Amino acid sequence: MQPLTVVIVHRDQPERLLDTIDAFRAQDIPVAITIVDNGSVTIPPVEADDVTVVLGGANLGFGPAANIGYRRFLADPHAGDWVVLAPHDALPEPTCLSHILGVLAERPRAGLACADVGDGATPVIDAYLGGILVPASVDAGWETVGHPHGTLMFARRACLDEVGIFDERYFAYCEEADLALRARAAGWESGLVRGAMVKNPYVGSPSGAIDYLQLRNTLLMVREHFGRYHVFIRLCIALLQLGTGAIRPARRGPYWHPDGRVRGIVDFLRGRFGPPPAHLYTKR
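A few points on the structure. (Residues numbered from 1 in each chain as written. Predicted model: local features only at pLDDT ≥ 70, side-chain atom pairs only at ≥ 80, totals over all residues. Heavy atoms only, no water.)

A tally of helices and strands in the chain yields 8 helices and 11 strands. Along the three orthogonal principal directions, the C-alpha set of the chain runs to about 55 × 40 × 35 Å. Counting every position in the chain, which comprises 284 residues, the buried fraction comes to 52%. At a minimum sequence separation of 6, the contacts of the chain that also span at least 24 residues come to 75%. Carbon and sulfur atoms make up 55% of the accessible area of the chain, which amounts to about 12,600 Å² in all. When the 27 basic and 31 acidic side-chain charges of the chain are each reduced to a single mean position, those positions are 11 Å apart. (Helix = DSSP H or I, 4+ residues; strand = E, 2+ residues; numbered from the N terminus. Buried < 20%, exposed > 50% of the residue type's maximum accessible area, 1.4 Å probe, protein only. Contact = heavy atoms within 4.5 Å. Areas by Shrake-Rupley, 256 points an atom, 1.4 Å probe, with all protein chains shown as cover. Lys, Arg positive; Asp, Glu negative; His and termini not counted. Charge placed at Lys NZ, Arg CZ, Asp CG, Glu CD.)

Encoded structure:
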């Protein structure tokens with residue numbers, strides 16, 4: 001059986017990376033792993049017959065680093081129809097990949113898919129709010145979603161060839177939703193395979209960077225795909241949430257960071273995309 005291509009994006013988590021490599025090697029189908037490293041201080045000695053390391057040279061962001069792996073996959077016509085993408089701390093159960101492939105074999109228009117993180121939630125895209133979660137509608141098998149999540153994501157070669165790879169302006173967060181919207185416009189489906197389990201228990205970035213990227217990138221995605229009126233409403237919602245959160249701590253999100261939110265709004269209005277401001281990586 002031809003190995004399934006797996007792209008793992010890594011930055012400064014060598015122990016977790018080793019655990020993730022072991023989890024993919026433990027799958028009940030063969031895999032060929034490409035590690036794209038985002039300028040880590042330490043990279044464990046992982047190169048082997050089934051593992052290749054590509055050095056990004058700096059913290060490029062999740063989407064741009066993933067694109068390095070995607071481009072290598074697309075340049076190799078013998079690499080198969082599907083490529084898997086995961087961060088350095090994704091831990092799929094041993095039957096995760098084969099389970100997803102079995103479901104995808106029955107869906108010729110499936111372009112993007114993801115594993116089940118076990119939260120009982122379905123990612124959807126609201127024209128005003130952007131990416132949100134709603135209760136799951138199925139217990140097993142394929143569930144149509146607004147976008148796949150990036151904890152463990154499948155992409156079909158034909159879909160990427162047609163609609164392109166990640167928009168690198170996003171850096172991290174919302175790039176999967178943007179890709180899924182482009183895929184849907186071209187007639188491709190996105191889904192989540194219930195029962196194909198993966199764990200991802202860690203949050204690696206400071207809250208300021210997360211809050212900044214989630215808000216700025218949501219505004220970008222809403223504007224690009226739904227227009228100026230929708231992004232104006234989303235901007236008003238963001239300002240209301242900022243004011244409400246400042247005086248009512250119970251209304252704050254899990255990554256609440258007022259400076260990150262303000263900078264996210266300002267940079268969106270200025271057209272500044274890519275990595276967050278450096279100081280948001282140190283303030284928690």
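Attention now goes to the nonpolar core. In terms of nonpolar packing, the biggest core is built from 32 residues, with F24, I33, I35, L97, I100, L152 and F154 touching the most fellow members. Those elements that place two or more of their residues in this core are β1 (4–10), α1 (14–25), β2 (31–37), β3 (51–55), β4 (82–87), α3 (96–104), β6 (110–116) and β11 (189–199). In terms of residues, this core owes the most to one element, α3, which gives 6 residues. Discounting chain neighbours no more than four positions away, the residues touching F154 are L4, W82, V83, V84, L97, I100, L101, L104, G111, L112 and A113. Core analysis: the next-biggest nonpolar cluster, separate from the first, contains 28 residues, A79, L160, I165 and F171 among them. (Core = buried A, V, L, I, M, F, W, Y, C linked by side-chain atoms within 4.5 Å.)

With that out of the way, let us pick up helix α5 (residues 175–185). Burial within α5 is extensive, with 8 of its 11 residues counted as buried. Residues E175, E176, A177, D178, L179, A180, L181 and A183 constitute the buried set of α5.

For the rest of this paragraph, the subject is the packing of aromatic side chains. On inspection of all chains with the given rule, the structure shows 4 aromatic pairs. Consider the rings of F268 and F273, whose centres lie 6.5 Å apart with planes at 70 degrees: the pair is edge-to-face. The same class applies to F268 as to F273, namely buried. Positioned over the ring face of F73 is R157, at 4.2 Å from the centre of the ring. Positioned over the ring face of F273 is R169, at 5.9 Å from the centre of the ring. (Phe/Tyr/Trp six-rings, centres within 6.5 Å; stacked < 30°, edge-to-face > 60°. Lys NZ or Arg CZ within 6 Å of the ring centre and 35° of its normal.)

Another aspect to go through is the pairing of strand β7 (residues 121–126). In this structure, β7 lies alongside strand β8 (residues 130–135), joined through 6 bridges in antiparallel fashion. The residue of β8 that forms the bridge with T122 is V134. If you look at the hairpin formed by β7 and β8, you'll find 3 residues sitting between the two strands. (Pairing = 2+ DSSP bridges.)

Further remarks concern the side chain of S190. Note on placement: S190 falls in strand β11. Residues contacting S190, with those up to four places away along its chain left out, are L112, W142, E143, T144, V145, H147, P148 and A180.

For any two helices packed against each other, the geometry comes down to the angle between their axes and how far apart the axes lie. It is at 8 Å that the axes of helix α6 (residues 207–226) and helix α7 (residues 228–247) come closest, and there the two elements cross at 160 degrees. One element, α6, and the other, α7, form an angle in the roughly antiparallel class. Between α6 and α7 lies a crossing of right-handed hand. Seen from α6, the contacting residues are L215, T218, L219, V222, R223 and F226; seen from α7, they are H230, V231, R234, L235 and A238. (Axes fitted to C-alpha atoms, helices over the stretch in contact; angles between N-to-C directions. Parallel < 35°, antiparallel > 145°, perpendicular 65-115°, else oblique. Left-handed = near helix turned anticlockwise from the far one by under 90°.)

We now examine a nonpolar patch on the surface. A contiguous nonpolar surface patch, about 290 Å² in accessible area, is contributed by Y128, L129 and Y229. Along the polypeptide, Y128 turns up in the loop between β7 and β8. (Patch = residues over 30% accessible without salt bridge, like charges linked within 9 Å, V, L, I, M, F, W, Y side chains within 5 Å. Salt bridge = Lys/Arg side-chain N within 4 Å of Asp/Glu carboxyl O.)

If charged atoms from side chains of opposite charge come close, those side chains can pair. Per the counting criterion, the structure on display carries 12 salt bridges. For D116, the salt bridge identified is with R194, shortest N-O distance 3.4 Å. With D116 in strand β6 and R194 in strand β11, this residue pair connects regions lying 78 residues apart in the sequence. No difference in accessibility class separates D116 from R194, as the two residues are buried. Put simply, R272 and D267 hold a salt bridge, and the shortest N to O gap is 3.4 Å.

Next up on the list: the packing of α7 against helix α8 (residues 258–270). Across the interface, α7 lies against α8 with an axial gap of 11 Å and an inter-helix angle of 160 degrees. On the basis of the axis angle, α7 is roughly antiparallel to α8. In this structure, the crossing between α7 and α8 has a hand that is left-handed. Counted together, V231, L235, A238, L239, Q241 and L242 of α7 and P258, R261, V262, I265, F268 and L269 of α8 form the full contact between these two elements. In the contact of α7 with α8, the residues fall into 10 nonpolar, 1 polar and 1 charged. (Nonpolar A, V, L, I, M, F, W, Y, C, P; charged D, E, K, R; others polar.)

Below, the discussion takes up α6. A rise of 1.5 Å per residue sets the reference length of α6, with its 20 residues, at 28 Å; its end C-alpha atoms lie 28 Å apart and thus fit the reference within 8%. Within α6, 15 of the 20 residues are buried, leaving the element largely enclosed by the surrounding structure. With its phi angle positive at about 105 degrees, G227 sits one or two positions after the end of α6. (Expected span 1.5 Å × (residues − 1).)

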